[in-house]
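# A structural walkthrough
The primary structure of each chain is shown beneath.
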Amino acid sequence: MQVSLECVPCYLRQVLNAMQHGEIPAEEQGKILDQILLEIPQLDKTATPALNSSLLLHRLQEMAGVGDLFQEAKEKSNEQALALLPLLREMVSEADWPLELAVKLAVAGNIVDLGILQDYDLEASIRQVLHEPFTIYHLPALAQDLRTARKVLIIGDNSGEIIFDSLLVEQLLALDLEVTYSVKAGPILNDATREDAEAAGLPRLCRVIDTGNNFLGVVPEHSGQEFLQAMAEADVVISKGQANYESLEGTELAGEKTYFLLKAKCPLVAAHLGVELGDLVLKKNDLRR
């Protein structure tokens, strides 16, 4: 996906949300925003929205002098998700097709996106995935690919959401698959880092690696060798969230083994997918686009 003029308000919303979550003083917020407004016209218009957002957020972190503006919010979202985990695990174990429910609950967690939303309702998101059909749902193809797979890579997205993903990891392990889960190497928005993986208990379940950077989405030229090797060796890749979709869809890096699992929270992403805002998507990468 390439940027459009519609991305500019989203850049600003992400910056404003980050400053508010980081409790940056109002006077300093104004100075930072003035500088960000000067830098937006310099962004590469052929880049992905995720990459350009990352560059502005890195600049914000530099000017604010704060490493993790979302630290408190991330801890809260992890606590909220962990409180729901025992009930959700029981629901998955009792489901007719546990893998299907685990996939649905993994996308329910995708509502925890504080770069776009100031707040969210996890329980409402769970109700949505339990009662509303996915607009694009390539689960049969995913299940078929998993039957012949040995290694699966999950590219994580946000804190809180990562707790829900642990249910999917458990189901993949039950299929005797070797699972690797990737997080960010450093803070950006409320994206999951190794600390969030620890909170989710993922290192006790599977191998946890990081992307080698703190960019939104996947940026190959800034990615670590361990992540790129895991991507190359995986038989199936499950990519969570919008930023990963923006940066990977249609690419040779993603290939035909990648499935995008997300909630369409942005009009531009929804239009690119051919769905409505708020729709649920599990889509196999299409190299023909």
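Let me begin by describing the structure that accompanies this report.

Right, let's get into helix H6 (residues 122-131). Among all positions of H6, only Leu122, Ser125, Ile126, Gln128 and Val129 are buried. Along the axis of H6, the buried positions cluster into a sector of 160°, meaning they face one direction only. Against the buried residues of H6 lie helix H4 (71-94), helix H5 (98-108), helix H8 (161-174), strand S6 (258-263) and strand S7 (280-284).

The relative placement of two packed helices is expressed as an angle between their axes plus a distance between the axes. Contact pair H5 / H6: the axes reach a minimum separation of 9 Å and the direction vectors enclose 140°. Comparing the axis directions of H5 and H6 gives the class oblique. Our pair here, H5 against H6, has a crossing hand that is right-handed. Here Leu101, Lys104, Leu105, Val107 and Ala108 of H5 come into contact with H6, specifically with Leu122, Ser125, Ile126, Val129 and Leu130. For the contact of H5 with H6, the class distribution of residues is eight nonpolar, one polar and one charged.

Bringing the sheet that holds strand S4 (residues 207-210) into the picture now. In spatial order, the strands read S1-S7-S6-S5-S2-S3-S4; together these seven strands make up an open sheet with mixed pairing. With partners counted over all chains shown, the strands left at the sheet margins are strand S1 (136-137) and S4, one partner each. Summarising the sheet, strand S2 (residues 151-155) and strand S3 (residues 178-183) pair through five bridges and their orientation is parallel. Among the inter-strand pairings, Val152 is bridged to a residue of S3, identified as Val179. Strand contacts of helix H7 (residues 139-148): S1, S2, strand S5 (236-240), S6 and S7, with the helix running at about 140° to S5, the strand carrying the most contacts.

Cut-offs applied
- Residues numbered from 1 in each chain as written.
- Predicted model: local features only at pLDDT ≥ 70, side-chain atom pairs only at ≥ 80, totals over all residues.
- Heavy atoms only, no water.
- Buried < 20%, exposed > 50% of the residue type's maximum accessible area, 1.4 Å probe, protein only.
- Helix = DSSP H or I, 4+ residues; strand = E, 2+ residues; numbered from the N terminus.
- Arc of directions from axis to C-beta.
- Contact = heavy atoms within 4.5 Å.
- Axes fitted to C-alpha atoms, helices over the stretch in contact; angles between N-to-C directions.
- Parallel < 35°, antiparallel > 145°, perpendicular 65-115°, else oblique.
- Left-handed = near helix turned anticlockwise from the far one by under 90°.
- Nonpolar A, V, L, I, M, F, W, Y, C, P; charged D, E, K, R; others polar.
- Pairing = 2+ DSSP bridges.

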